[in-house]
Amino acid sequence: MGKAMGIVRAHLRIYGRVQGVGFRWSMQREAKKLGVNGWVRNLPDGSVEAVLEGEEERVEALIGWAHQGPPLARVTRVEIEWEEPKGEKGFKVVG
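Just so it is clear, the model here is predicted, and its values are computed rather than measured.

How each quantity is defined
- Residues numbered from 1 in each chain as written.
- Predicted model: local features only at pLDDT ≥ 70, side-chain atom pairs only at ≥ 80, totals over all residues.
- Heavy atoms only, no water.
- UniProt positions renumbered as here; feature names shortened; annotations may be inferred.
- Helix = DSSP H or I, 4+ residues; strand = E, 2+ residues; numbered from the N terminus.
- Pairing = 2+ DSSP bridges.
- Axes fitted to C-alpha atoms, helices over the stretch in contact; angles between N-to-C directions.
- Contact = heavy atoms within 4.5 Å.

Peer 1: Please set out the UniProt feature "domain: Acylphosphatase-like" (unreviewed entry) in the chain residue by residue, giving values where relevant.
Peer 2: The feature "domain: Acylphosphatase-like" (unreviewed entry), as annotated in UniProt, sits at residues 9-95 in this numbering. For the annotated span residues 9-95, helix accounts for 26% and strand for 41% of the residues, and the straight-line distance between the end C-alpha atoms is 20 Å.

Next up, the structure:
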């Protein structure tokens, strides 16, 4: 990945059966447990969008969780774009 240890920002799109299965609330709980900031929301096409900010290893751990999601989810694909951190505070479910 080539990023120095420190604060990173990942923009995710998560595809599969990820709406109506508690994905957003479960991600919020995981993010708070890991100390990751950002937000998560459902998109009209049935995917979930999330922004994760925090220490690299914590963000990577949450990305790993996103590949599975909560028990009823069936994740088929996770797209990740690395961006410049913007100073997110807390972790919110939006939209």
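Peer 1: Lay out the sheet that holds strand β1 (residues 7-17) in plain terms, naming residues and giving numbers.
Peer 2: Spatially, five strands are ordered β4-β1-β3-β2-β5 in an open sheet, and the strand pairing comes out mixed. Sheet topology places β4 (74-83) and β5 (91-93) at the edges, where each strand pairs with a single neighbour. Pairs of neighbouring strands in the sheet enclose a mean axial angle of 20 degrees, with direction left out of account. In terms of strand pairing, strand β2 (residues 37-42) meets β5 through three bridges, oriented parallel. The residue bridging V40 from the neighbouring strand is V93, located in β5. The strands touched by helix α2 (residues 56-66) are β1, β3 (48-55) and β4; relative to β3, the strand with the most contacts, the crossing angle is about 155 degrees.

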